[in-house]
Structures are given as structure tokens and as C-alpha cells.
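Summary of structural features
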Amino acid sequence: MKILLVEDSQSDARLEIEFLGESRTVDFDITRAERLHTAITILDRSRFDAVLLDLSFPHTEGVEAVARLSRRFPNMPIVVLTGADAADLAIQAIRAGAFSTLPKAEADASLLARVLHQAVERERVLEELRRKDQDLQAANASLAELVEKNADAILVLDKEGRILFANEAASRLFGRRLQDLLDVQFGLPGAGDIVTEVEIVRPASQEPGYAEARFVELIWKGTEGYLATLRDITERRRAEETLKTLNAELAEAKIGLERAVAYRTTELEAANAELEAFSYSVSHDLMAPLRSMAGFCQALKEDYGNALDEQAGDYIRRIVAASKRMAELIDDLLLLSRVSRRPLDRDTIDLSVLAGDVLADLKESGSGRDIDVAIAPELTAIGDRTLIRTVLENLLGNALKYSGERSKVRIEVGVVANGGSPAYFVRDNGAGFDMAYADKLFKPFQRLHLESEFAGTGIGLASVARIVQRHGGSVWAEGEPDKGATFFFTLGGEEGR
Amino acid sequence: MSDARILIVEDSSDDQMLILRALKKRKLHDKAVVARGGDEALEYLFAAGLHDGPDQGSPAVVLLDVNMPKSNGLDVLAKIRSDARTRHMPVVMFTSSREESDVVQSYRLGASSFVCKPFDADAFYDAVAQIAQYWLFLNEPPPTSS
């Protein structure tokens, strides 16, 4: 234990060193300074455990020396030796920072050693306390930092809902200085409410907003209260409300749309029913009188044939022919109407086989001409079998009809690549047509040939176009007069499936 | 079967004439009874007596037009099939209509046959004659009051 002895008396110093040397419990290492300023110089240079300061002689600096030492070395234990009957000095010395005082006369070896030992020990304890206090303060500062820097507003409320503490985020949330928040009546959550929403005035815009508040019970400085954390959820609430509004609008729009669709569907169904009724009455009401005309012409010829001259016979023939032609027109119109309203029943069709069947039927009903037929094998398509058969009947029927004048008729059925979807074609080497009129081909009642050249109503290709359209495909033709014609059609590719 | 009759139900006087003319060609016109519409046909069949001449029993066949005012052919067919006295009576639908729905409806209601009136005069005569021949002479009629 290193002791600095401040003693101006040589003899006293020797005595005191001797005393301390007798101690068996502590090993004292003593350095002596005669004057206070020497002592300060020594203390500045090296570490000592305690200072033993002799103030027993009136000429010394007295209690001021204690004060100076204590100021300069605040953690240094100072033990003061006084003269006899120096109670006042003793008290002043303690006030000035001494650990203890001893009358010099009473200071025997063991007392001196014990007091010095106690002084050093106390300082050790104090030092430890100071260190612990520093640790505690550091920990406190960290905790305070956590609370202060938290993005959520943090409030501590007493049991009545008054604000006891608020952090910076709370100051920002409410737009008030911290000290203005303290003691403000904030209010408390309802019973059992852990998370709730509170209305706030947003400081930036002065507009109303919402904060989500969470409450937990806590003990604050010994009394029960609440810890409240608040977060501004105005933007989230707005987004939610916007979403809600949008959803409602969407639902309304959907209902409106559904109503419109239902209305349109009803309208369409009515229109379809009307069309149905119309074609029904066309088939019956127009056909019946035509049949009567033809029938009574026949009766006229049979019953009065002898009374009529050749001219009259010709007139009757013309009436019959005209009514027959009108009947064909009506039939074709009905076909066109049927292909327009018949529901599509899509299926995979072997076009090669179907074309073969159709051609066989047509050849059977036609003249036994020499026909060279080339149908590409394994032509498959997806479409309504009945309607596609009608397409082939028309295209192959035309091919045969317009090849009537050829001695060697050649009909070809095949497929060519056409972008995404295959284009099927029917080609003949017949009368052909002038490409200038190509756009008229598929319009109802449009014909490119005289009735006397080739019979027909001009409905067949219109029906073909309608069927192909309904499949989502397209139809077109290429031709040259007296060289032949090729009719192409697609069935809508992928979306046709 | 000499008194077997054919009941022609036809609202069009033209078609009545053409049908009778067809029958006359085969000397079958005296077998014909004409009802000028659905209601008249029903009266003939169920309230007999409004027609000239004695009731000579059920006809061997009813030649029934479809499209007629008031009770149409399908109504008449339904009534014939729903009455015990006429349930099995041969009924041939004879019409200008080629509507699929008419064909389907007729068979669903129990028509014996469905024939479209041919447009061509000769074909028309031929059709009427064949129907009459078949149902009057070839077909074995259902037992009476079945």
C-alpha cells in the first residue's frame, strides 16, 4: 500500500514511518514530502493509495491543504493528523474532503495503520460504485435512445390517461413540443382494447388522420399506468378506402355490365326468334302459293292442253320455270338463314373423307362425265361437321357446275400454309372468273354468269362465306376466265378450336 | 276396306284442290273427306255430325297440314293422340314446312309419318297418291275402339 506522508517535522516523520512499518496486516510503502507543493508534484508523477497529512502545527497551511489536495486528486483518500484538542479543525478537514482525522498524540501504530487501511478500502469501494454507476448510466442512455429514436410514437400514461412521458416520434405525430405533451389528458383504451384506432390532426397538413394505437399495462416509476405506441396509418387507411371505393365501383360496373349483357341477350334472343318466325313463314307462306302456281299450270296443261296453241304452252312452261326458280331462291335463302343461326358444334373433321363423300354424291346426281379428282390425304380441320359439309357441297358443286364445258374436268382439294392457320382450297379448271369482280363473289344474289350459261341463285357462296365467318375464318378466291378458279378458306386457326 | 276414308286437313283451298286432283287421277277422290282447318277436323273426329253424310267411322288416315290458323296441325295431332278413340289412328303430316322443329315436334307428338309437299306438280301428285295407296290399301289399320 503506497502512502504519501506529508510531514514537515523530520522526527515525527521518522516516528510515523516506524509505526507503519510495525503493521503486520498491511505492507506500507511510504514516501515523505515535507511541503504540500512537493506532495502535489509527487502525486502528479506517480500513483498513491492514500495521503497521510500532518496538520498538527499551527504554521502549516491547515485545512486549506486538505481542500487543495482533495480538489486536485478527488479520489485520493486523505487521513489528517491533528494536534490535541483540535475538534474544529477535524470537522473542517472532513468537510474539505478528508476521510478521517486522528489526534497525533493518540495515533499509535495500530490505529494509524487501521485508519489508513480503511481509507484505502473505502476508496476502492467508492471506485467500484462509480464504475457501476457509469455502466448503469450508459445502459440507461441506450434505452432512452431506443425509445427516442423509435419511429412509432411512444407515450406513457398514468391510470387516468394523462401523459407522463412522450418520445420524439410522439412530438412529431401530434405536432407539439415534448414539454407541451406532458400532463395532457390523452385518454385510455376501452376495456380489453389492446389495439385501437384514434383520430389525430396531422401536423403537416392540419387535416384529420388516423393512428393505430396499442396499449399495454406497465409500471412507470413505481405506479401503474399504460404504455401506448402509436403509428400514423392515415395513408394506409386512405389506400384501403380508395381500394374499397374502387371495388364497390367495380362491383357496380360489373352489375351494370351484366344487366346490359342480359338485356342485349334478351334482345338478341327476341331478334333470333323473329328471324326464326320469319324464315318459317317464308318457307310456308311463300312456297305454298308458288306450288299452287306450278300445280295449276300443270293442271291447265293436262286438262286444256289440246285447246292451247304452242305459244300458250310456252307461256305456261315459263310460268312453271319461273316459279321453280323462285322456289330455289327461297330454299337457298332459307339455307343462308339456317347456317347463320344454327349453333356451332365443333368437332375434328377429316376433310379428305368428307370431300370424297360430297363429290361422290354430286357425281351421282350429275352427268357421268370424266372427272379427274385429286384430294390431298389426311386434311383435318376443326369445325361444325354439317356446316363444313355445306361449304364443301357448295364449293365442289360450283367446281363441277362451272367445269361443265370442259371435256377433261379436274378438281383438286388441298391445303396451303397461310400464316398461323392452314388455308384449305378447292380448285377447278372450269370457266373461272375475272379477278376484277372477286369481291362480288361472296355477296348474296351477286352472280358473274348469266342464268342461261350456268344456273344458280347467287346464294351458295354467300352461305359459304357466312359459315366460314362463323368459324372465325375467312374465304377468298383466285381465278382467271376460262382457266379455272381456286376457292380458299380458313377456319380461324387456334381460336377456332 | 271399301269404306275406308282419308281425312284431308288443309286450310289452303289451292292445296285442297291439288290433293283432290291427285286422288282423282287414281280414282280415289270419293275416299276423301276434307276438313278446312284444325277445328273442323276435330269436330269431324270427336263431335261428328256437323258434316254432310253419315258418320262412316274413323278415317283410315289423316293427312294433316301443319301450318293452319287457330288449331294448327300439331294441336290437332296432340288431341288425336290424347283421346282413347283415336290414339292409334294413322296421322301423316303433310306440309310445306321443312323446319327441323316441326319434324321433331310431330314425331314427339306421335305422328305416323312426315312428308314434305313436293314443289314439282308431278312429284306432288305422286306423293299424295302413294300416301293414299299405302294407308288405304296396304296398311293394316288399328282395331276399332282400341
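Scope of this entry: the structure provided in the associated data block. (Residues numbered from 1 in each chain as written. Chains lettered and ligands numbered in written order. Predicted model: local features only at pLDDT ≥ 70, side-chain atom pairs only at ≥ 80, totals over all residues. Heavy atoms only, no water.)

As a further point, take the overall build of chain B. Per the secondary structure count, chain B includes 5 helices and 5 strands. Taken from the N to the C terminus, the helices and strands of chain B come in the order β-α-β-α-β-α-β-α-β-α. Evaluated residue by residue, chain B yields a buried proportion of 50% over its 146 residues. Within chain B, contacts between residues at least 6 apart in sequence are counted, and of these 65% link residues at least 24 apart. Here chain B has roughly 7100 Å² of accessible surface; of this, 50% comes from carbon and sulfur atoms. (Helix = DSSP H or I, 4+ residues; strand = E, 2+ residues; numbered from the N terminus. Buried < 20%, exposed > 50% of the residue type's maximum accessible area, 1.4 Å probe, protein only. Contact = heavy atoms within 4.5 Å. Areas by Shrake-Rupley, 256 points an atom, 1.4 Å probe, with all protein chains shown as cover.)

When its secondary structure is counted, chain A shows 12 helices and 17 strands. The buried share among the 497 residues of chain A stands at 39%. Counting contacts in chain A only where the partners sit at least 6 residues apart, residues at least 24 apart contribute 62% of the total. Just so you have it, chain A exposes about 28600 Å², and 53% of that area is on carbon and sulfur atoms.

Quick look at the interface of chain A and chain B now. Tallying the contact residues gives 20 residues for chain A and 23 residues for chain B. Taken together, both faces of the contact between chain A and chain B bury some 1900 Å²; the carbon and sulfur share is 50%. Between the two partners, chain A and chain B, sit 5 salt bridges. A salt bridge links Lys25 of chain B to Glu302 of chain A, with the nearest nitrogen and oxygen atoms 2.8 Å apart. Sorting the residues of the side of chain A that touches chain B by element identifies α8 (234–304) and α9 (310–341) of chain A as the ones contributing at least two each. (Buried area = accessible area lost by both parts, 1.4 Å probe. Salt bridge = Lys/Arg side-chain N within 4 Å of Asp/Glu carboxyl O.)

Moving on, we come to the environment of Ala4 of chain B. Residue and element names in this part refer to chain B. Position of Ala4 relative to the elements: it lies in the segment before β1 (6–9). Remark: the alpha-carbon pair of Ala4 and Pro141, spanning 137 residues in sequence, is separated by 9.7 Å. In this view, Ala4 contacts Lys31, Ala60 and Leu136; residues no more than four positions away in its chain are not counted.

Turning our attention to the sheet that holds strand β8 (residues 195–202) of chain A. Residue and element names in this part refer to chain A. The strand order across the open sheet built from 5 strands is β7-β6-β10-β9-β8, with neighbouring strands paired in antiparallel fashion. Edge positions in the sheet fall to β7 (163–166) and β8, since each of these pairs with one other strand and no more. Looking at each pair of strands side by side, their axes are set apart by 30° on average, direction ignored. Pairing of strand β9 (residues 207–220) with strand β10 (residues 223–232), which is carried by 10 bridges, proceeds in the antiparallel orientation. The residue of β10 that forms the bridge with Glu217 is Tyr226. (Pairing = 2+ DSSP bridges. Axes fitted to C-alpha atoms, helices over the stretch in contact; angles between N-to-C directions.)

Quick look at the environment of Asp27 of chain A now. Relative to the helices and strands, Asp27 of chain A resides in the loop between α1 (10–21) and β2 (29–33). The exposed category is assigned to Asp27 of chain A, whose relative accessible area is 63%.

Everything listed here is a matter of geometry and, on its own, says nothing about what the molecule does.
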